[in-house]
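# Close look at the chain arrangement
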Amino acid sequence: MKTMLTYFLLISIPAIISSDIIIEADRQQSDYVNPGSSISKLSQRTVKKRSPTDPRPTPLRELEIYSMKIDSKVTSRFAHNVINSRMVNRANASQEAFFEIELPKTAFITNFSMTLDGVTYVGAVKEKEAAQKQYQQAVSMGQTAGIVQRSGRKMEKFDVSVNIAPTKKVTFELTYEELLKRHLGKYEMSIRVNPKQLVNHFQIDVHIFEQQGISFLDVDAKFPKDQLASIVRKSLNGTKGHVSFKPSLRLQRKCRDCLETVLDGEFNIYYDVHRDLSAGSIQIVNGYFVHHFAPANLTKIPKNVIFVIDHSGSMSGTKMRQTNEALLKILDDMDEKDHFAIIIFDDAHETWRNSLFQASRKNVDDAKTFVRTIMSSGATNINSPMLKAVELLNKAHQEKKLPERSVSMIILLTDGDPNTGVSNPNKIQKNVKKAVNGRYNVYTLGFGFDVKFSFLEKLALENNGLARRIYEDSDASLQLQGFYDEVANPLLLDIELQYPEIAISDLTQARFRQYYDGSEIVVAGRIIDNTLESLATEVVAQAANETLTLKVDVNIAEVENVTQQQYIFGDFTERLWAYLTIQQLLDQRITADEIKAKRLTDRILELSLKYSFVTPLTSMVVTKPNDAKNETLVADKPSENENGREPFPMRNNRQRKRLHSHHGVSMSSHPGSHGHHGFQVAGQPGLFSFRGGSVSRQRARPRNKGILHSVRTTLVQTKAFLVKEATYDSLADDYDDMAATQIRLPDYHDIPGSDLMPDSYDLTLVDSDPHFITSVNSHKDTVCFNIDGKPGLILNLITDPFTGFVVNGQLIGEKKVEKNKKINTYFGKFGIVNSNMDVKVEVSTDATTMSHGEDKTVFPWSVTTSVTMESFSFSIVKETNLTLVMGGEAIFVIVLHRVWKYHPLHRDFLGFYTLDSHRLSNMTHGLIGQFYHELNADISNIRPGLDEGKPDATMVVKGHTLRVTRGYQKDYRFDPIRGNNISCWFVHNNGEGFIDGTLTDYTVPSLFAPLRPIPK
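Counting restarts for each chain: residues are numbered from 1 in the order of the written sequence. Under the rules for a predicted model, residues below a pLDDT of 70 receive no local features and side-chain atom pairs below 80 are neither given nor counted, while totals for whole chains, interfaces and linings still include all residues. The side-chain figures draw on all heavy atoms in the structure; neither hydrogens nor water molecules are used.

### Quick look at the overall build of the protein chain
Helical segments are the DSSP runs of H or I of at least four residues, strand segments are the runs of E of at least two, and each set is numbered from the N terminus. When helices and strands are counted, the protein chain shows 14 helices and 55 strands. Only protein chains enter the calculation, and the probe is 1.4 Å; a residue is then buried if its accessible area is under 20% of its type maximum, exposed if over 50%, and partly exposed in between. Every one of the 1016 residues in the protein chain was classed for burial, and the buried ones make up 59%. Restricting the contact set of the protein chain to residue pairs at least 6 apart, pairs at least 24 apart contribute 70%. In this description, accessible areas are obtained by the Shrake-Rupley approach with a 1.4 Å probe, and a residue is regarded as covered only by the protein chains that are shown. Carbon and sulfur atoms provide 48% of the accessible area of the protein chain, an area that totals close to 41300 Å². By definition in these notes, contact holds between two residues if any of their heavy atoms fall within 4.5 Å.

Have a look at this one:
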């Protein structure tokens, strides 16, 4: 087998603008190698090359990025972007090169190519269904694939790899386009740069052309070295701006004798154009026009705002504090001509003063006093407070308490789905739409990822507003304030841009409810009258004190001639029109009925294919070389709630010796939890029943007989001794009232007659904060390691691209963190996917949501229930556990651990067990999945350690030599309060060297996202 070395190229580009590029220089030798890299091995060769800029000789890197150029070209806010990277393999063996780019979520990929051995492999945009067939075929053959997935707040990650033969070069080139939106008075391009090695020729070039003239151009280079800002070159000449950044090797070094690169940070560009009180600017090319409208020198229009704030129990702690902080600041910033009200809600709602009041200093101070008293508790009832907000606005307008010419809006902030009162999202949407009746704007803010964003998005779009996700982070209060700033200063109402009807076709949206200070209105269309000499445009809108009418009449030939002489890249107006049309049709599809949605889908698909845009309906397919055969990769554009699928490469068969094994995998309790732990399989005849902890005796109260019969039958089938001391005639109505009498159940090894034979079971578990324990060397030794992740981090536990299984877990933290103390985290949510069966299950400590195709069902923990369908079965034991069987391929049990709700630190959490994984393929990976395979480790040189009584040893595993320390970890399966000590060899630094890759390789952007390939 060939030696496969890997390297990741990462450059994050939140809002980069770039264009077509040709690398003029041939291969340039780099004189750099990073000896600390865990991905690329060192070459034995060195280079004695010296240069005036960097005189020190340094080792040669085997897999080298010798040129990287990021060119950005912007014409009339429309950006055409090309990223070009050249690599060379200087080693004597083939290496796998990864090209990983982050691009804005609002951008559309338009092209990707790889040039290898003089042959260019170009991507083709196809309908997603057709592309996915190629994708599945490639995955079934164990081939790798490229993918676009969500990454961070504003990003999507494009990732592709190719095998490079010795001494060969590869050129990657990615092209994407986007329309820059004006935000708080400026356009922004934020380039996240991180090439992970010194690059001999690194260059960023940004060219901007704006016909209105550029009013300012600023650059903010946020790198560890302040000197890098001094080499940024910026020029501004009327309608043209240029920014360049070309750091030398010397400046790229972290220090004089360092081998690491300092290029790890943000490169931000800000600019705006000259504005006045006019009808705006129009550009025309090849019969397509674009009209930008953002007038200046207007008087602000008063606004009437009702803040509808969630203060349910899930908002406790940091989220509630940050919300209150933001609301206090927003109240301070309100204009005295504005009116406002505050409604807070949990399972009921409370209104401050029960009316809208003018934002006088006294009223604002009184409201701030009220805000400081808001505490979190209760469930989530969204319907009732939203209807109350509409009622307050209706009453205030009827009583003429509000200015006649003003903007009325409702701002909803919530962190969870409705679970009491009217809890059906569709019903809530219909109720609010009917009540609003087109009169007010509804803006929705989803705090974190527990809320279904598509619900909030439709609620907003149906009522003249927009939705925004607020990320759980230290700057959440600033995110809330930033959103309010966007809508804080309305300048115009009921804006209509009018064009000659018989001469114009395919017009994008031309009517708008409001225009806010710092934003911009963009309209594009096609001129169909070839005899038209001038394009007359009229803008009519309601200003603060009058009806405003603005006109512009442009000579088509003159404007087209000027634009064609000055624009930076081709038919930008036509592509801008297509981009804007697709974006608006996608928004319309969210609120459309089934028939209209079908028409919109067909139109979006038609435009996406015609202009080669990777949109939610299309994918980019690239056939790439792989030894003697071709591979297919597919790049999808993910939605806000779902990420594209990513395959995992086939593992070596020799690593998968015990495919028949049943693996117990747990993520369970920590000290401080109470109640009954472990699990029983309910409603699944033929399965065994297992309790990873204790069974509590209780007096019977008959309930749900059918399910109970299945429980008893299952227990009897396992072995009679399991029920000698425990009776399951009913399930507890009150989880905390269970009797203290307990029995201890045997381990898998001790179950007579079970199909789980002792030699087929290997211990693999995850527990507490969280630590992992697994057996090696045919179960003769035990190895453990901890994972230190931040709350909110989502980790992939299992990914099997062949069967379509994905299991992810999201970390939660304690209720409060003491200063300078370690943050303890546990698993608070799991996402399980079987993409081949179109099944998704999201399990939290509040409820379980199961999706099968378009059907979605929510199961609370407060009831015992079971569902059996063709491809899977699903059962819940009240306040205890959940069992999910998918197509006979896997059996999962998730255990609910309840913590005393008044505990000052701990919160409810979940445990995860895999009862049967033998049908998962040898491609299975993940933090847990990789240990389903045979693993051998050489442990030697046992010696005194740094801590008394904890000896150190040397472990050689997976080609790494590690220092390990003998110690103990807790297994809470059988003693949920104290746990059992497990003696193990502890691997330091998040298991680095023992797990494939590093911890960051297992982070995924959403609860259902698969794991991307881990470099070997």
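### Re the state of the cysteines
Two cysteines, two sulfur atoms, one covalent bond between them: this is a disulfide. By definition, disulfides here are pairs of cysteine sulfur atoms that lie within 2.5 Å. Throughout the structure, instances matching the rule amount to 1 disulfide. Through a disulfide, C784 is tied to C984; the S-S separation comes to 2.0 Å. Where C784 bonds to C984 through sulfur, the torsion about that S-S bond is close to 75 degrees, and the disulfide is right-handed. Taken together, the residues span a long stretch of sequence, with C784 in strand β40 (residues 781–786) and C984 in strand β55 (residues 980–987) at a distance of 200 residues. Classification of C784 by relative accessible area gives buried; the value is 0%. Overall, the relative accessible area of 0% leaves C984 in the buried class.

### Things to note about a negative patch on the surface
Where like charges cluster on the molecular surface, the negative patch consists of D593, E594, D838, E854 and D855. Locating D593 in the fold gives a position in the loop between α11 (572–591) and α12 (594–610). Like charges are joined within 9 Å and nonpolar side chains (Val, Leu, Ile, Met, Phe, Trp, Tyr) within 5 Å, but only among residues with over 30% relative accessible area and no salt bridge; these make up the patches. Just to be clear on terms, a salt bridge is a Lys or Arg side-chain nitrogen sitting within 4 Å of an Asp or Glu carboxyl oxygen. The convention is simple: Lys and Arg are positive, Asp and Glu are negative, and His and the chain ends are not counted. To locate a charge, the coordinates of NZ of Lys, CZ of Arg, CG of Asp or CD of Glu are taken.

### What about the packing of aromatic side chains?
Two aromatic rings, drawn from Phe, Tyr or Trp (for Trp, its six-membered ring), form a pair once their centres lie within 6.5 Å of each other, and the interplanar angle then sorts them: stacked below 30 degrees, edge-to-face above 60, tilted otherwise. Under the counting rule described, the total for this entry stands at 24 aromatic pairs. On the numbers, 6.3 Å between centres and 70 degrees between planes, the contact of W577 with Y611 is edge-to-face. Placement of W577 in helix α11 and of Y611 in the loop between α12 and β34 (618–626) is noted, with a sequence separation of 34 residues between them. Note on W577: relative accessible area 3%, which makes it buried. With a centroid separation of 5.6 Å and 20 degrees between ring planes, the pair formed by F827 and F830 is classed as stacked. F830 carries the same exposure label as F827, and that label is buried. Ring-pair connections join several aromatic residues into one group, and the members of that group are F78, F108, Y288, W577, Y579, Y611 and F613.

### Concerning the sheet that holds strand β33 (residues 547–555)
Strands qualify as paired when DSSP identifies two bridges or more between them. In spatial order, the strands read β30-β28-β32-β33; together these 4 strands make up an open sheet with antiparallel pairing. Only two strands of the sheet have a single partner each, and these edge strands are β30 (511–516) and β33. Going across the sheet, the axis of each strand differs from the next one's by a mean of 25 degrees, ignoring polarity. Two elements, strand β28 (residues 490–498) and β30, share 5 bridges in a ladder whose sense is antiparallel. Pairing of L492 across the sheet is with Y515, part of β30. Axis lines are fitted to C-alpha atoms, over the contacting stretch for helices. Their N-to-C directions set the angle, which ranges from 0 to 180 degrees.

### Considering helix α8 (residues 453–461)
Inspection of α8 places F453, F455, L456, L459 and A460 among the buried residues, and these make up the whole buried set. One side of α8 holds all its buried residues, which, seen down the axis, span an arc of 160 degrees. Where α8 is buried, its residues contact β25 (407–414), α7 (425–436), β26 (441–447) and β27 (467–470). In this description, one arc is meant: the one made by directions from the helix axis to the C-beta atoms.

### Observations regarding the pattern of salt bridges
Counting across every chain of the model gives 33 salt bridges. The salt bridge involving R77 is made with E210; its shortest N-O contact spans 2.7 Å. With R77 in the loop between β4 (63–75) and β5 (78–89) and E210 in the loop between β14 (201–209) and β15 (214–222), this pair connects stretches of sequence that are 133 residues apart. For the pair formed by R77 and E210, the shared burial category is buried. With a shortest N-O distance of 3.0 Å, E486 and R468 are connected by a salt bridge. Remark: R468 occurs in strand β27 and E486 occurs in helix α9 (residues 476–487); sequence separation between them is 18 residues. In the salt-bridge network here, residues are joined through shared partners; they are R77, R182, E210, D272, R275 and E520.

### A look at the nonpolar core
Membership of the largest hydrophobic core comes to 56 residues, with the highest contact counts inside it found for F112, F245 and F267. The dominant element in this core, judged by the number of residues it contributes, is β4, at 5 residues. The contacts of F112, once residues within four sequence positions are left out, are F99, Y121, V122, G123, F158, V160, F172, E173, L174, M620 and V622. One finds L795, F805, I832 and I876 within the second-largest nonpolar core, a separate group that totals 52 residues. Residues belong to one nonpolar core when they are buried, are Ala, Val, Leu, Ile, Met, Phe, Trp, Tyr or Cys, and are joined through side-chain atoms within 4.5 Å.

### Overview of the pairing of strand β46 (residues 855–860)
Here strand β45 (residues 847–852) runs beside β46; their pairing, made up of 6 bridges, is antiparallel. Considered in β46, the bridge of M850 is made with T857. Connecting β45 to the next strand, β46, in antiparallel fashion are 2 residues, including G853 with a positive phi near 65 degrees.

### Overview of the environment of N89
Mapping N89 onto the fold places it in strand β5. Considering only alpha carbons, one finds N89 and E62, 27 residues apart in sequence, at a separation of 5.8 Å. With residues up to four places along the chain from it excluded, the contact list for N89 reads E62, L63, S94, Q95, I164, A165, P166, T167 and K168. Think of a polar contact as two N or O atoms within 3.5 Å of one another; within protein, one of them needs to be a possible hydrogen donor and the other a possible acceptor, and neighboring residues in sequence only count if both atoms come from side chains. From its side chain, N89 meets the backbone nitrogen of A91 in a polar contact 3.0 Å long.

### Description of empty space enclosed by the protein
Using a 1 Å grid laid over the protein atoms alone, points where a 1.4 Å probe fits but cannot get out form a cavity; open sets with protein on both sides within 12 Å along at least 5 of 7 lines form a pocket; any residue with an atom within 4 Å of a point counts as lining. Grid points are joined across faces, edges and corners, and a volume is the space filled by probe spheres set on the points. For the structure shown, the criterion picks out 7 cavities of 30 Å³ or more. Here the second largest cavity is characterised by a volume of approximately 120 Å³. Lining the second largest cavity, in full, are F307, I309, T323, A326, L327, I330, I411, L413, L445, L480, F483 and Y484. Looking at which element gives the most residues to the lining of the second largest cavity, the answer is helix α4 (residues 318–333), with 4 residues. Only Asp, Glu, Lys and Arg are considered charged in this grouping, and only Ala, Val, Leu, Ile, Met, Phe, Trp, Tyr, Cys and Pro are considered nonpolar; every other residue, Gly among them, is considered polar. Tallied by class, the residues present in the lining of the second largest cavity amount to 11 nonpolar, 1 polar and no charged.

### A look at the side chain of Q197
Inspection of the secondary structure assignment puts Q197 in the loop between β13 (187–193) and β14. The class for Q197 is buried, based on a relative accessible area of 0%. At a separation of 3.3 Å, a polar atom in the side chain of Q197 contacts the main-chain amide nitrogen of I65.

### Details of the sheet that holds strand β31 (residues 521–527)
With respect to topology, 4 strands assemble into an open sheet ordered β19-β20-β31-β29, the strand pairing being antiparallel. The open sheet has two edge strands, β19 (281–285) and β29 (504–505), and neither has a second partner. With 6 bridges joining them, strand β20 (residues 288–293) and β31 adopt antiparallel strand pairing. Within the sheet, the bridge partner assigned to H291 lies in β31 and is V523. Lying over the sheet, α11 contacts β19, β20 and β31, oriented at roughly 115 degrees with respect to β31.

### Here we look at unusual backbone geometry
Even without a glycine there, the phi angle at K196 is positive, about 70 degrees. Tracing the sequence through the fold places K196 in the loop between β13 and β14. Residue K196 is classed as partly exposed on the basis of its relative accessible area of 34%. For N354, which is not glycine, the phi dihedral falls at a positive 60 degrees. The exposure class assigned to N354 is partly exposed, which follows from its relative accessible area of 40%.

### Quick look at the pairing of strand β18 (residues 265–273)
Here β18 lies mainly inside the structure; 8 of its 9 residues are buried. Relative to β18, β13 is paired through 7 bridges, and the arrangement is antiparallel. The residue bridging S190 from the neighbouring strand is N268, located in β18. With 8 bridges joining them, β15 and β18 adopt antiparallel strand pairing. Within β18, the position partnered with K222 by the bridge is E266.

### A closer look at the packing of α4 against helix α5 (residues 361–371)
Between α4 and α5, the shortest axis-to-axis distance is 10 Å and the interhelical angle comes to 180 degrees. With respect to their mutual orientation, α4 and α5 come out roughly antiparallel. Residues N324, L327, L328, L331 and D332 of α4 pack against R361, V364, A367, K368 and V371 of α5. A class-by-class count of the residues in the contact of α4 with α5 yields 6 nonpolar, 1 polar and 3 charged. Any angle that falls under 35 degrees is termed roughly parallel, while one over 145 is termed roughly antiparallel, one within 65 to 115 roughly perpendicular, and all others oblique.

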